[in-house]
Amino acid sequence: MKGPQLFPPVVYQKPPCPWSARTRWVHARAGQARLQECSPETKTGTLILIQTLWLARSALTALGMLAQLYFKRLPGWWKMLVVAMCMALLACLQAQELQGHVSIILLGATGDLAKKYLWQGLFQLYLDEVGKGYSFSFHGAALTSTKQGQEFIAKVLESLSCPEDMAPGRCAELRGQFQQLSQYRHLRTSEDYMALSKDIEAQLQHKGLQEAGRIFYFSVPPFAYADIARNINSSCRPGPGAWLRVVLEKPFGHDRLSAQQLATELGSFFQEKEMYRVDHYLGKQAVAQILPFRDQNRKALDGLWNRHHVERVEIIMKETVDAEGRTSFYEEYGVIRDVLQNHLTEVLTLVAMELPHNISSSEAVLRHKLQAFRALRGLQKGSAVLGQYQAYSEQVRREQRKPDSFRSLTPTFAGILVHMDNLRWEGVPFLLMSGKALDERVGYVRILFRNQAYCAQNEKRWVADQSQCLPRQIVFYIGHGELGSPAVLVSRNLFRPSLPSKSWKEVEGRPRLHLFGRPLSDYYAYSPVREQDAYSVLISHIFHGRKDSFITTENLLASWVFWTPLLDSLAHEVPRLYPGGAENGHLLDFEFSGTQLRFSQQQLEQLVPGPGSAPKPSDFQVLQAKYRESPLISAWPEELIAKLAEDIEATAVRAVQRFGEFHLALSGGSSPVPLFEQLATRHYGFPWAHTHLWLVDERCVPLRDPESNFQGLQAHLLQHVRVPHYNVHPMPVHLHQRLCAEEDRGAQMYASEISALVTNSSFDLVLLGMGMDGHTASLFPQSPAGLEGTQLVVLTRSPSKPHERMSLSLPLINRAHKVAVLVMGRMKREITMLVVLGGQVAACLSQHLDSLRRQRKRGCGAHGSAWGPGDDFSVSSVGHRGGPTRRCLENALTLLTPSSASPLHPLLDVVS
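Residues numbered from 1 in each chain as written. Predicted model: local features only at pLDDT ≥ 70, side-chain atom pairs only at ≥ 80, totals over all residues. Heavy atoms only, no water.

1. Remarks on the sheet that holds strand β4 (residues 134–142)
Then, in step 1: Reading across the sheet, the six strands line up as β5-β4-β3-β6-β7-β8 and stay open at both edges, with parallel pairing between neighbours. Taken across any chain shown, the strands that pair with only one partner, and hence form the sheet edges, are β5 (182–186) and β8 (275–278). For this sheet the average axis-to-axis angle between neighbouring strands, irrespective of direction, equals 20°.
Then, in step 2: Sheet topology places strand β6 (residues 211–218) next to strand β7 (residues 243–249); six bridges connect them, and they run parallel. Residue pairing for β7: Phe216 is matched across the bridge by Val246.
Then, in step 3: On the sheet, helix α3 (residues 112–129) packs against β3 (100–107), β4, β5, β6 and β7 and is oriented at approximately 170° with respect to β4. (Pairing = 2+ DSSP bridges. Helix = DSSP H or I, 4+ residues; strand = E, 2+ residues; numbered from the N terminus. Axes fitted to C-alpha atoms, helices over the stretch in contact; angles between N-to-C directions. Contact = heavy atoms within 4.5 Å.)

2. Regarding empty space enclosed by the protein
Then, in step 1: Applying the stated criterion across every chain, the model contains 11 cavities of 30 Å³ or more.
Then, in step 2: Computed from the structure, the second largest cavity encloses a volume of approximately 70 Å³.
Then, in step 3: What lines the second largest cavity is Arg377, Gly378, Leu379, Gln380, Ser383, Leu417, Val418, His419, Thr595 and His716.
Then, in step 4: Within the lining of the second largest cavity, the residues separate by chemical class into three nonpolar, six polar and one charged. (1 Å grid on protein atoms, 1.4 Å probe; cavity = no way out; pocket = protein on both sides within 12 Å on 5 of 7 lines; lining within 4 Å. Points joined across faces, edges and corners; volume = space filled by probe spheres on them. Nonpolar A, V, L, I, M, F, W, Y, C, P; charged D, E, K, R; others polar.)

3. Some words on the packing of helix α12 (residues 327–352) against helix α14 (residues 392–400)
The angle between the axes and the distance between the axes are what describe a pair of packed helices.
Then, in step 1: The N-to-C vectors of α12 and α14 enclose an angle of 125°; their axes lie 9 Å apart at closest approach. Judged by the inter-axis angle, α12 sits oblique to α14. Contacts between α12 and α14 involve Thr327, Ser328, Tyr330 and Glu331 on the former and, on the latter, Tyr392, Gln395, Val396, Glu399 and Gln400.
Then, in step 2: For the contact of α12 with α14, the per-class residue count stands at three nonpolar, four polar and two charged. (Parallel < 35°, antiparallel > 145°, perpendicular 65-115°, else oblique.)

4. A closer look at the sheet that holds strand β33 (residues 804–808)
Then, in step 1: Taken together, three strands build an open sheet; the order of strands is β27-β33-β32 and the sheet is antiparallel. The open sheet is flanked by β27 (697–699) and β32 (793–797), the only strands paired with a single partner. With direction set aside, neighbouring strand axes in the sheet form an average angle of 20°.
Then, in step 2: Sheet analysis places β32 next to β33, joined by five bridges and oriented antiparallel. Each residue of the ladder has a partner; that of Val794, found in β33, is Ser807.
Then, in step 3: Strands in contact with helix α20 (residues 746–757) are β32 and β33; relative to β32, the strand with the most contacts, it is inclined by about 145°.

5. Some words on the state of the cysteines
Then, in step 1: With the rule as written, the count across this model stands at two disulfides.
Then, in step 2: Cys162 shares a disulfide with Cys171; S-S distance 2.0 Å. One disulfide, between Cys162 and Cys171, carries an S-S torsion of 85° and so falls in the right-handed class. Here Cys162 and Cys171 have matching classes, each one buried.
Then, in step 3: One disulfide bridge connects Cys700 with Cys740, the sulfur atoms lying 1.8 Å from each other. Because the torsion about its S-S bond is -90°, the bridge between Cys700 and Cys740 counts as left-handed. One end of the pair, Cys700, is in the loop between β27 and α19 (709–716); the other, Cys740, is in the loop between β30 (738–739) and α20, with 40 residues separating them in the sequence. Each member of the pair, Cys700 as well as Cys740, carries the same accessibility label: buried. (Disulfide = S-S within 2.5 Å. Buried < 20%, exposed > 50% of the residue type's maximum accessible area, 1.4 Å probe, protein only.)

6. A look at the pattern of salt bridges
Then, in step 1: Under the definition given, this model contains 30 salt bridges.
Then, in step 2: Lys318 is the partner of Asp439 in a salt bridge, and the nearest nitrogen-oxygen pair spans 2.9 Å. Here Lys318 lies in strand β9 (residues 310–318) and Asp439 lies in the loop between β12 (430–435) and β13 (442–449), a separation of 121 residues in the sequence.
Then, in step 3: The exposure class of Lys318 is buried, given its relative accessible area of 14%.
Then, in step 4: Salt-bridge contacts for Arg424 lead to Glu354; the nearest nitrogen and oxygen are separated by 2.7 Å. In this pair, Arg424 is assigned in the loop between β11 (413–418) and β12 and Glu354 in the loop between α12 and α13 (362–374), connecting sequence segments 70 residues apart.
Then, in step 5: A single salt-bridge network, built from bridges that share partners, covers Glu324, Glu394, Arg397 and Arg398. (Salt bridge = Lys/Arg side-chain N within 4 Å of Asp/Glu carboxyl O.)

7. Looking at the side chain of Ser491
Then, in step 1: Here Ser491 shows up in strand β15 (residues 487–491).
Then, in step 2: Polar side-chain contacts of Ser491 include one of 3.4 Å to the backbone oxygen of Pro471.
Then, in step 3: There is a polar contact of 2.9 Å between the side chain of Ser491 and the backbone nitrogen of Gln473.
Then, in step 4: The residues contacting Ser491, other than those within four sequence positions of it, are Pro471, Arg472, Gln473, Asp522, Tyr523 and Tyr524. (Polar contact = N/O pair within 3.5 Å; in protein donor to acceptor, adjacent residues only side chain to side chain.)

8. Some thoughts on the side chain of Arg472
Then, in step 1: Turning to its location among the elements, Arg472 is positioned in the loop between β13 and β14 (473–480).
Then, in step 2: For the buried Arg472, no salt bridge exists, and the shortest N-O distance to an oppositely charged side chain is 8.9 Å, to Glu311.
Then, in step 3: Engagement of the side chain of Arg472 in a polar contact is seen with the backbone oxygen of Arg450, the distance being 2.9 Å.
Then, in step 4: When near neighbours in sequence (up to four residues on either side) are disregarded, Arg472 contacts Ile447, Leu448, Phe449, Arg450, Ser491, Asn493 and Leu494. (Lys, Arg positive; Asp, Glu negative; His and termini not counted.)

9. What to know about the packing of aromatic side chains
The description of two aromatic rings rests on the distance between their centres and on the angle between their planes.
Then, in step 1: A full pass over the atoms with the stated rule returns 26 aromatic pairs.
Then, in step 2: Ring geometry for Tyr126 versus Phe136: centroids 6.2 Å apart, planes at 80°, classification edge-to-face. Pair noted here: Tyr126 is in helix α3 and Phe136 is in strand β4, with a separation of 10 residues, a long-range link. Each member of the pair, Tyr126 as well as Phe136, carries the same accessibility label: buried. (Phe/Tyr/Trp six-rings, centres within 6.5 Å; stacked < 30°, edge-to-face > 60°.)

10. Structural notes on α19
Then, in step 1: Within the span of α19, buried status applies to Asn709, Phe710, Leu713, Ala715 and His716.
Then, in step 2: The inward-facing, buried residues of α19 contact β25 (662–666), α18 (673–682), β26 (691–695), β27 and β28 (728–729).
Then, in step 3: Between a side-chain oxygen at the N-terminus of α19 and the backbone nitrogen of Phe710 the separation is 3.2 Å; the capping residue is Ser708.

11. Some remarks on the pairing of strand β19 (residues 523–528)
Remark: a regular strand shows side chains that alternate across the two faces of the sheet.
Then, in step 1: Here β19 lies mainly inside the structure; six of its six residues are buried.
Then, in step 2: Burial of the side chains of β19 extends over both faces: Tyr523, Ala525 and Ser527 are buried on one face and Tyr524, Tyr526 and Pro528 on the other.

12. A word on the environment of Leu494
Then, in step 1: Inspection of the secondary structure puts Leu494 in the loop between β15 and β16 (504–506).
Then, in step 2: The buried category is assigned to Leu494, whose relative accessible area is 17%.

13. Notes on the pairing of β9
Then, in step 1: Of all nine residues in β9, seven are buried; the element is thus mostly enclosed.
Then, in step 2: Where β9 and β12 come together, six bridges link them in parallel fashion. Looking across to β12, one finds that Met317 is bridged to Ser434.

14. Looking at the packing of α13 against helix α16 (residues 553–569)
Then, in step 1: Closest axis-to-axis distance for the α13/α16 pair is 9 Å, and the angle between their directions is 15°. Here α13 lies roughly parallel to α16, going by the angle between them. The two elements α13 and α16 meet at a crossing, and its hand is left-handed. Every residue of α16 that contacts α13 at Leu366, Lys369, Leu370, Phe373 and Arg374 is listed here: Glu554, Asn555, Ala558 and Ser559.
Then, in step 2: Its residues assigned to classes, the contact of α13 with α16 shows four nonpolar, two polar and three charged. (Left-handed = near helix turned anticlockwise from the far one by under 90°.)

15. Description of the confidence of the model for the chain
Then, in step 1: Scored by pLDDT, the chain comes out at a mean of 80, with 76% of its residues at no less than 70.
Then, in step 2: Counted against residues more than four places away or in other chains, residues 838–849, with its pLDDT under 50, gives 17 contacts.
Then, in step 3: Counting contacts from residues 855–912, a segment whose pLDDT is below 50, to residues more than four positions away or on other chains yields 170 contacts. (pLDDT = per-residue confidence, 0-100.)

16. Digging into the environment of Ile542
Then, in step 1: Position of Ile542 among the secondary structure elements: in helix α15 (residues 534–543).
Then, in step 2: What makes Ile542 buried here is its relative accessible area of 2%.
Then, in step 3: Dropping the residues within four chain positions of it, Ile542 is found in contact with Ile215, Tyr217, Arg245, Val247, Tyr276 and Phe550.

Quick look at the structure:
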């Protein structure tokens, strides 16, 4: 039997257009729909609805035929079942196409960011989503008056552009639709927000629409966040069943504390899933490709993406513009907070994080990023180099009306050396660098692989895709520079990469172009098929609820925990001045050794203004004296550390030659860090295989805690030298899930270990420091614990957190063959003078200080100031262009005393 034929309806009468109050008719003939009197957006949506209804009607007809053929003789409930199935199918099709209305409110709609990027990004969202089942309304909001705001918005909307491949007529049509859907309103009070919410609800009710959600984009300063958040939460949330997404722009705080306060405040109004913190770098196409690239080339990269093959990682963002017009912002934040703490650190986590099994899972990606943040090793002052372009201070004085004598310390250039404490990346340097007024505008991530090959043929015969002697690198080229566009570059002697062919294409040959020392032909090079602005990408991700492209509260705070200590330590550092642009030459080149970073080119320092050659640090005499018949040395920090390292190595070599082993007890804190790094990187003859390392004292925290002395020893020394693990003796402060509990007898355990392994419990050398209150080890002036008695190891209490400590006792320290006390830092001048006043060295020190004061009065001081009683052992100096200050002399003393002198008790007596 021949069933009925299926044709599109000749005429279909549709209910009134949902976007209009007037009745309208929809005609369709031979599958061609014609809409009369409907708005442009209505036409698109209604065409989809017609197609959906026709398909549903076709499905109903087909199912009806089946029912007629196969179920003719069955009871009536079968017919009811078929009808119900058809109705469910129709409902599903309609629900799939009509997904609801989205209101997007742009706060700060008349600002610079909105004008340059955000309105264009919203228009791109409309272009991408129109006709896919959503309806939109766009509300520009600001404090500007209604008339001025409307004029501004109208002008911005006229300038919106479409993708190059879109026909001009179609572009004009869609731009017109977007203009009709966009409006400006003045938002200030809670009543204003309530009125906005009522207008949205009235629009939905009038047009018979279901609300899908609301997006509030905060393009406003952070100080306005709290009031706006309060108004949204109390007066402008969407109704039940609709979502809310709140978009926040950086800066997200100034340090860890301010970031925590802001996060807590916002968290009182919004849920974590509702907040989208924007870092626009995550929307840049090359950056957004890092994880997909790693995933799609997982097989090729699995064996390469680790410390055994990666030599270093460079994450760079250079700018040619300066900070003119933005000095008020820049004075508060500087280059580290503006670029490195957010943009470059986010990129670092994408490179370094463990790759989830499913990179499409936002939760998995964010969880692995957080793990990468927590693996970052703490930064020291020596991990950074700072610069400032010469015109910056003058710009600040002019824009902020500062006095002529004002000199800014805000860095406009920074290089940072970062390491990670995990098995994959241990020992691999990550170099982060950004600056203004540099020689080019470019951004890139460069992973440089180790080259362990030797090629017997002449270099001229090396072939790019065959020779393993050529550099091997992967570059995510973020943009600008010589290439001029985003790209992914892979050396041909690595592997041919896989990238999505629909969105990335191979770069056409440019024979004269060289990148990173090699011609472009040496790389497999890919660029996007269609370049997209970062904000357009991120706005699309916000709309679709993709959280992995944004910064969670946990990740934000983890980043600030990492950066805040370095920022605090650099707060008073004077940056190196540079002229700007191509004139910088090699002035900002830097190099690293261990965990230390320094400028490659040392500037000549002029300590005394005037003609002729300037005195250098080596021109100053190193003070040598006696303290209780033992050598006392005061010197430049570099010379002091070098001398002490030599003495320790010589002592170690003699001990190993005589007894076969060397027992060295080390204190914690920041003072010995340069010494540890000196020993690790400069003393290759040190008998580490025969050395036992002990701790003088330890804070009662888990050994993996950043405040642990053992953790500092591990980071700055142990991971760089080959000490057998059984020769390393951390203090047992963490036993039975408790910290320094008397009943766990941790102190007695450590004393027993010392007695068992160290002959006569006499260490070959003990290295001590000194606190600002005069304490050494963890023996404090106000506490008698450990000063006398027979106990070798004691529990003590510090006046500062963490209060509980474990320490070698004074009698045990005095048994050592040698004791070195290293004192460094400007804050320890007064206590050092108290210690040495009892000896002959006082007069010598006084003469030396008088000499330095006279030099400072003659011109050493950068600002012509004289020393007072509270000043430290340091002298400032300036270059002939007002160059950076260099500390001439640290308050650094080394006291080497034999055990018979019992050096420490008098030191404690002096200050108690």
